[in-house]
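Analysis of the macromolecular model
Each chain is listed here by its residues.
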Amino acid sequence: MRVGADRPALGSWRRRPASIVIDDIKARDSMIDVDLSDVGDGGEEARPSTPRRRRSGRVGAARNAPAIRHATVAAIQDLRWILAQIFADGDRRHPLIEARALRAHTEHIVEVEIGPTRRGMRRAKGGAPLDDLLGVRGPKTLHLVFTPPSGHAEDPQSIHLPANGRSEARQFLFTTGAAGGVEEAKIEVLYRNRVLQVAIIRAPIVDDPSMAPRDLRIDFTIAAVRPGLGDLDSRRSFDAAILTSRTLDGHSAVVGVHDDRIARFDDAGLERTTPNIIGILTQLADDPDSFKPPLSSDKPTALLRSLALQGVQLYKSVGQSIEAQLHGDDLTRIQVLTSDANEFVPIEFIYDLPPPSFDARLCPNWQSALVSGKCEAKNHPAIPGDLSSVVCPLGFWALSKVIERQVVGIGNSLSELGSGRVGVRSEPSSQRPHLAGVNGALLGVSSKVDSVRAGSADVFAALKTVTRQRAWQATSWLAWEQGVTKWKPGLLVLIAHTESIQSTAALEIGTADYKAVAHINASLVQGEPGSSPMILLLGCDTAVANRDLQSFVGAFRDSGAALVVGTIAAILGENAAPMAQALIGAIADAAERTTARSTICFGDVMLNIRRQLLGNGELMALCLTSYGDADWQLAASA
């Protein structure tokens, strides 16, 4: 980006295309390192450096550069960031400003604040300042959640961020492990139970830091969640955030956060229950004909009953802890932040009604309940043993809560995402609250999808109907990329097959044409910079391994997809095509009902889609989940 008289004002970047957003992040990082070295990020970053020569195509830009630089530096100095410093041996008198590594088996203090850059504090690099995410300036209460290298998050600490200036500092303790490895600590900043930013401290561990090799360094970076929000005060808050991590011994560590309280889950129970749920759902792929509508038939009811029995255990492991922190308040909106591709918390299957008996039937009010979203306790008669004689669909959180999922690539800062042809994550704002809509669609299908039962032609026909014939099909990844560039569709549908190729998961469309996670970039997603398409990622085994699904989801989101809708259990191609049709129809129907006076957020749309599809007997609706901001609004078709 040029530094000249026509440089856009800092703070306005969130209204511009993704490529410019990345340029601004890089420019800010560069200018702070060069121009603000006297106030400093702390550590090696605070040392003065020689300004790099900048070139400009504007006549007279060189003459104006000093005045422009002073104005820009003044604007940057006023912005607030995540700042941190590490102190060794639990002693605040010895900040590790010059350290390249941490001492093994030693207690350390991490001091964290939000504020302008200043000497003695490290600034988390690679992301937007907090001011750009918080929007209108004014006093705000934020919450910090610190996860040490052990993987077990500590209780949240609240901080008051004034309209201007820095917050008070908060301190967190952790003890390093053995020398020879690299340990990570995580700082998550929440506002109204919504995660705004995740900062990662990544430090080598050695026996004697003073003898550490010169090429070692302590990194402090922002993991990509979203580039900017700007209007949070006008948006609905979440009732709770669920944060995932992994312990040093490889086990799950999941917590729920509500304001300044933390809910600790039974991680062992969660790890036992999750594969059982996936196993039950896999029955739908193994024997789809046995679970045909209606929902009240024996087989579908039995499957719901099995899921409910596991969901009750999940409720005891996770749900009860969250509800206890709310002190009777409603729990209707939840954000789930996954920072490890190996982690999956199937909160959609939490069942918060009494456990059904082994012969429980379907709730007699199930059809009305799925339409209205309500079902009274009188419909769930109790029997001895505190059991219920029925299983009710609304007991599942998938059918009673708005759930926003975000996958965070640890270490993937927004500026790093700017390399090559990779974009940044698209998020709604007051200037652009709507999805691109269903005015155009591109379909990519694996040849294996129709090998048992033809169905992709019906999906294509459905897309042509809802887009008024503006739908195209790609039979190779090259054709897909060309279609994205040429037609700029707002809806991308992949009914792909997943295989492991050269030790990595790969998506197939056409015949033996594969893309690995590492191959996914903006050219496969965005027809033009700043576009925000929705992706339906369905098909053969797209989620047979949760880490594969979430890796692909993260890659598509990092490449500019506004939302990715996928499944959390393996489904066969013959099931994927009918599910894609139903999903396309439901999204189009919601878009048609959108008016200038009445808009529908996608989180509510997803909730309604699950209810609608399940009401039609489509049990696979329970496997549907979406990744991306729940506040995206659907636009009416033109």
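Residues numbered from 1 in each chain as written. Predicted model: local features only at pLDDT ≥ 70, side-chain atom pairs only at ≥ 80, totals over all residues. Heavy atoms only, no water.

1. A closer look at the overall build of the protein chain
Across its full length, the protein chain carries 11 helices and 26 strands. The burial tally for the protein chain puts 60% of its 638 residues in the buried class. Taking the contacts inside the protein chain whose residues are at least 6 apart along the sequence as the reference set, 77% of them involve residues at least 24 apart. Accessible area for the protein chain stands at about 24400 Å²; split by element, carbon and sulfur atoms hold 50% of it. (Helix = DSSP H or I, 4+ residues; strand = E, 2+ residues; numbered from the N terminus. Buried < 20%, exposed > 50% of the residue type's maximum accessible area, 1.4 Å probe, protein only. Contact = heavy atoms within 4.5 Å. Areas by Shrake-Rupley, 256 points an atom, 1.4 Å probe, with all protein chains shown as cover.)

2. Topic: the sheet that holds strand S3 (residues 107–115)
Ordered by their spatial adjacency, four strands build an open sheet running S4-S1-S3-S7, and the pairing between neighbours is antiparallel. Every interior strand has two partners, whereas the edge strands, strand S4 (122–123) and strand S7 (170–175), have only one. Pairing of S3 with S7 involves six bridges; the strand directions are antiparallel. Each bridged residue has a counterpart across the sheet, and for isoleucine 109 the counterpart in S7 is leucine 173. (Pairing = 2+ DSSP bridges.)

3. Here's the deal with the nonpolar core
Counting 117 residues, the largest nonpolar core has Trp480, Phe556 and Phe602 as its most contacted members. Ignoring any residue separated from it by four or fewer positions in sequence, one finds tryptophan 480 in contact with Leu442, Leu443, Gly444, Ala474, Leu492, Val493, Leu494, Ile509 and Leu524. (Core = buried A, V, L, I, M, F, W, Y, C linked by side-chain atoms within 4.5 Å.)

4. Quick look at unusual backbone geometry
Backbone torsion omega between proline 293 and proline 294 reads 5 degrees, so that peptide bond is classified as cis. With a phi angle near 55 degrees, aspartate 259 is a residue other than glycine that sits in the positive phi range. A relative accessible area of 30% places aspartate 259 in the partly exposed class. Residues other than glycine seldom take positive phi values, yet alanine 512 does so here, at roughly 55 degrees.

5. Overview of the environment of lysine 448
Among the secondary structure elements, lysine 448 is positioned in the loop between strand S19 (441–445) and helix H7 (456–466). Residue class for lysine 448 comes out partly exposed when judged on its relative accessible area of 31%. In this structure, lysine 448 is in contact with His497, Glu499, Glu508 and Tyr514, ignoring residues within four places of it in sequence. Side chain to side chain, lysine 448 and glutamate 508 meet in a polar contact 3.0 Å long. (Polar contact = N/O pair within 3.5 Å; in protein donor to acceptor, adjacent residues only side chain to side chain.)

6. Some points on the environment of alanine 377
For alanine 377, the position within the fold is in the loop between helix H6 (366–372) and strand S16 (382–383). Separated by 24 residues in sequence, alanine 377 and leucine 353 place their C-alpha atoms 9.2 Å apart.

7. Some details on helix H4 (residues 267–286)
Relative to the 28 Å expected for 20 residues at 1.5 Å per residue, H4 spans 29 Å between its end C-alpha atoms, a close match to the ideal helical length. Listing the buried residues of H4 in full gives Asp267, Gly269, Leu270, Thr273, Thr274, Ile277, Ile278, Ile280, Leu281, Leu284 and Ala285. Within H4, the buried residues cover an arc of 165 degrees as seen down the axis, which keeps them to one side. Turned more than 90 degrees away from the buried face of H4 sit Arg272 and Asp286, all of them exposed. (Expected span 1.5 Å × (residues − 1). Arc of directions from axis to C-beta.)

8. Some thoughts on the pattern of salt bridges
When their charged atoms lie close together, side chains carrying opposite charge are able to pair. Going through the model one piece at a time under the given rule, you end up with 20 salt bridges. For aspartate 131, the salt bridge goes to arginine 80, with nearest N and O atoms at 2.8 Å. Highlighted residues: aspartate 131 in helix H3 (residues 130–134) and arginine 80 in the loop between helix H2 (61–77) and strand S1 (81–88), separated in sequence by 51 residues. With a closest N to O distance of 2.8 Å, arginine 405 and glutamate 348 form a salt bridge. Remark: glutamate 348 occurs in the loop between strand S14 (333–338) and strand S15 (356–362) and arginine 405 occurs in strand S18 (residues 402–407); sequence separation between them is 57 residues. Taken as a pair, arginine 405 and glutamate 348 share a single burial class, namely buried. Connected through salt bridges with shared partners, the residues Asp78, Arg80, Asp131 and Arg137 form a single ionic network. (Salt bridge = Lys/Arg side-chain N within 4 Å of Asp/Glu carboxyl O.)

9. Thoughts on the packing of aromatic side chains
Scanning the model with the defined rule gives five aromatic pairs in all. Each member of the aromatic cluster is reached from another via a ring pair, and the members are Phe146, Phe172 and Phe174. The side chain of arginine 123 reaches across the aromatic face of tryptophan 81, ending 4.8 Å from its centre. The ring of phenylalanine 238 carries arginine 333 above its face, with NZ or CZ at 4.7 Å from the centroid. (Phe/Tyr/Trp six-rings, centres within 6.5 Å; stacked < 30°, edge-to-face > 60°. Lys NZ or Arg CZ within 6 Å of the ring centre and 35° of its normal.)

10. Side note on the sheet that holds S16
Here three strands make up an open sheet; going across it, the order is S15-S17-S16 and the pairing mixed. Looking along the sheet, the strands with just one partner apiece sit at the ends: S15 and S16. Across two bridges, S16 lies against strand S17 (residues 387–391) in antiparallel orientation. Each residue of the ladder has a partner; that of isoleucine 383, found in S17, is leucine 387. Lying on the sheet, helix H5 (residues 298–326) is in contact with S15 and S17; it crosses S15 at an angle near 135 degrees. (Axes fitted to C-alpha atoms, helices over the stretch in contact; angles between N-to-C directions.)

11. Describing the environment of glutamate 183
By the element assignment, glutamate 183 lies in strand S8 (residues 182–191). Through-space distance from the C-alpha of glutamate 183 to that of alanine 203 is 5.5 Å; in sequence the pair is 20 residues apart. Every residue in contact with glutamate 183, bar those within four places of it in the chain, is listed here: Pro149, Thr176, Gly177, Ile201, Arg202, Ala203 and Ile205. Within polar-contact distance, the side chain of glutamate 183 engages the backbone nitrogen of glycine 177 at 3.0 Å.

12. Observations concerning the confidence of the model for the protein chain
Per-residue pLDDT for the protein chain averages 80, and the proportion of residues at 70 or more is 76%. Within the protein chain, the element-level pLDDT minimum falls on helix H1 (residues 18–35), averaging 52, and the maximum on helix H8 (residues 477–487), averaging 97. Considering only residues more than four positions removed or in separate chains, one finds that residues 34–63, a stretch of pLDDT under 50, has 61 contacts. Note on residues 411–424: pLDDT is under 50 here. Beyond four places in sequence and across chains, it has 53 contacts. (pLDDT = per-residue confidence, 0-100.)

13. Quick look at the state of the cysteines
As enumerated under the stated definition, the model contains zero disulfides in all. Looking at the unpaired cysteine 375, the closest cysteine sulfur is the one in cysteine 363, lying at 3.7 Å. (Disulfide = S-S within 2.5 Å.)

14. A word on H8
Along H8, the positions that sit buried rather than exposed are Trp477, Trp480, Glu481, Gly483 and Val484. Considered in projection along H8, the buried side chains sweep an arc of 160 degrees and stay on one side of the axis. The exposed residues of H8 that point more than 90 degrees off its buried face are Leu478 and Lys486. Residue lysine 488 follows H8 closely and has a positive phi angle near 50 degrees.

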